[in-house]
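The residues making up each chain are set out below.
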Amino acid sequence: MSNPYELLGVSEKATDEQIKAAYRKLSKKYHPDLNPGNKPAEQKFKDIHNAFDLVCNKECREKYEQQKEYDDYSSQRQNQQQKTGRQAPFYYETQTPQGRYSENYSNNYDEIFSNLFGNRFSNSKVNQNVPGKDVNYTLTISFEEAVLGAEKEFTLSKGKTIKAKIPPAITEGKVLRFKGQGSPDSKKQNFGDAYVEIHIAPSSTFKQEGNNLLVEVPITIYEAILGAKIEVPIVGGKATLTVPAGVSSGTKLRMKNKGYRQKAKDNHGDQTIKLIIELPDKIDDELSLFMKSWETNHPYQPRK
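Below or above, wherever it landed, is the structure these notes cover. (Residues numbered from 1 in each chain as written. Predicted model: local features only at pLDDT ≥ 70, side-chain atom pairs only at ≥ 80, totals over all residues. Heavy atoms only, no water.)

### A look at the pattern of salt bridges
Counted by the stated rule, this structure contains eleven salt bridges. One salt bridge in this structure joins Arg61 and Asp16, with 2.8 Å as the shortest N-O distance. Of this pair, Arg61 sits in helix α4 (residues 58-84) while Asp16 sits in helix α2 (residues 16-29), and the two are 45 residues apart along the sequence. We note a salt bridge from Glu197 to Arg24, for which the minimum N-O separation is 2.6 Å. Residue Glu197 is found in strand β5 (residues 194-200), and its partner Arg24 is found in helix α2; the two are separated by 173 residues along the sequence. Members of the salt-bridge network, linked through shared partners, are Lys20, Arg24 and Glu197. (Salt bridge = Lys/Arg side-chain N within 4 Å of Asp/Glu carboxyl O. Helix = DSSP H or I, 4+ residues; strand = E, 2+ residues; numbered from the N terminus.)

### Concerning the pairing of strand β2 (residues 150-155)
Burial along β2 is one-sided: the residues Ala150, Lys152 and Phe154 are buried and none of Glu151, Glu153 and Thr155 is. With six bridges connecting them, β2 and strand β3 (residues 161-166) associate as antiparallel partners. Directly across from Ala150, in β3, lies its bridge partner Ile166. If you look at the hairpin formed by β2 and β3, you'll find five residues sitting between the two strands, and Gly159 has a positive phi there, around 95 degrees. (Buried < 20%, exposed > 50% of the residue type's maximum accessible area, 1.4 Å probe, protein only. Pairing = 2+ DSSP bridges.)

### Here we look at the side chain of Ser183
Locating Ser183 in the fold gives a position in the loop between β4 (175-178) and β5. Those residues in contact with Ser183 that lie beyond four places of it in its chain are Asp53, Gly132, Lys133, Val135, Asn190, Phe191 and Gly192. (Contact = heavy atoms within 4.5 Å.)

### Examining helix α3 (residues 39-55)
Counted at 1.5 Å a residue, the expected span for α3 with its 17 residues is 24 Å, and the 25 Å between its end C-alpha atoms agrees. Looking only at α3, the buried set comprises Ala41, Phe45, Ile48, His49, Ala51, Phe52, Asp53 and Val55. Taking the backbone nitrogen of Ala41 as reference, a side-chain oxygen 3.1 Å away marks Asn38 as the first, capping residue of α3. (Expected span 1.5 Å × (residues − 1). Polar contact = N/O pair within 3.5 Å; in protein donor to acceptor, adjacent residues only side chain to side chain.)

### Considerations on the nonpolar core
Leu8 and Ile198 are the most contacted members of the largest nonpolar core, which totals 56 residues. Once residues within four sequence positions are removed from consideration, Leu8 is found in contact with Ile19, Ala22, Tyr23, Leu26, Ile48, Ala51, Phe52 and Val55. (Core = buried A, V, L, I, M, F, W, Y, C linked by side-chain atoms within 4.5 Å.)

### Some details on the sheet that holds β5
Here we have three strands laid out as an open sheet, ordered β1-β5-β4, and mixed in their pairing. One side of each edge strand has no neighbouring strand; the edge strands of this open sheet are β1 (135-141) and β4. Recorded for the sheet is a direction-independent mean angle of 30 degrees between the axes of neighbouring strands. Of the strand pairs in this sheet, β4 and β5 are connected by four bridges, and their pairing is antiparallel. Bridging from a neighbouring strand, Val175 pairs with Glu197 of β5. α2 contacts β1 and β5 of the sheet and is inclined by roughly 45 degrees relative to β1. (Axes fitted to C-alpha atoms, helices over the stretch in contact; angles between N-to-C directions.)

### Here's the deal with the sheet that holds strand β10 (residues 252-255)
Spatially, β6-β7-β11-β10 is the arrangement adopted by the four strands of the open sheet, whose pairing is mixed. Both outer strands of the open sheet, β6 (207-209) and β10, are each paired with one neighbouring strand and no more. Geometrically, the sheet is characterised by an average inter-axis angle of 30 degrees between neighbouring strands, direction not taken into account. In this sheet, strand β7 (residues 212-219) lies alongside β6 in antiparallel orientation, the contact comprising three bridges. Paired with Glu209 across the bridge in β7 is Asn212.

Okay, structure coming up:
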């Protein structure tokens with residue numbers, strides 16, 4: 001059995017929060033969406049999820065330790081059998097006048113395994129159905145997908161792919177539940193649920209300020225002086241913005257109801273466009289001579 005603590009990079013004394021934080025970090029690093037076609041990363045992703053399933057909370061860790069204890073015990077018995085060439089007993093004090101594995105021993109069999117493994121084993125078989133476990137995943141989506149909503153394919157740790165419907169205006173850390181997509185019970189009849197925690201990748205275009213968005217848009221020097229109609233990005237597309245004549249670099253213009261949503265259909269924030277005047281890549285002689293002439297006849301001081 002692989003050590004889940006080593007796979008997650010935490011100590012066996014780690015808290016639930018420390019384990020969860022390590023799981024989130026590794027899950028994001030090796031997620032198939034971020035490593036397309038990378039088979040080793042895909043396998044690592046599955047191993048990380050399996051490890052987290054084993055130690056995600058106190059109950060799971062107790063079950064893992066019980067199973068580990070049982071596996072170690074079974075391994076010791078097998079090694080002893082290989083060395084001696086005979087079957088090793090389950091219990092040292094089994095020899096009675098009636099012979100090995102007598103009725104006296106059989107009567108205590110359930111009790112011995114109950115003490116060792118918390119009633120998980122009886123007569124070498126599971127005598128009680130262990131319920132299916134819930135499993136936890138993380139899913140990173142783009143900023144635009146968070147605002148507008150999306151449908152994403154999502155790979156579970158066992159390799160099964162499901163479609164996750166992301167509702168519009170979802171927020172960071174929101175958890176989606178997928179009923180019956182968790183781990184099965186010991187009889188494989190009932191399944192736990194899968195919980196998917198949403199993380200939103202930061203946008204290179206939009207900066208969120210509460211429910212409003214800020215976008216920096218470059219304009220030419222003649223658009224700033226003369227005014228213009230320009231295309232600017234909005235979430236999910238583009239829109240036309242009127243730039244008034246004579247604007248300065250840093251001027252902010254508001255576009256109503258083009259920001260982040262509070263609900264799917266209403267309560268939109270606004271989008272602010274910050275204009276940045278951008279000079280030509282190369283200043284030619286014509287522009288230089290014009291500016292020198294203009295400066296002589298129209299002096300002004302912006303740094304008062």
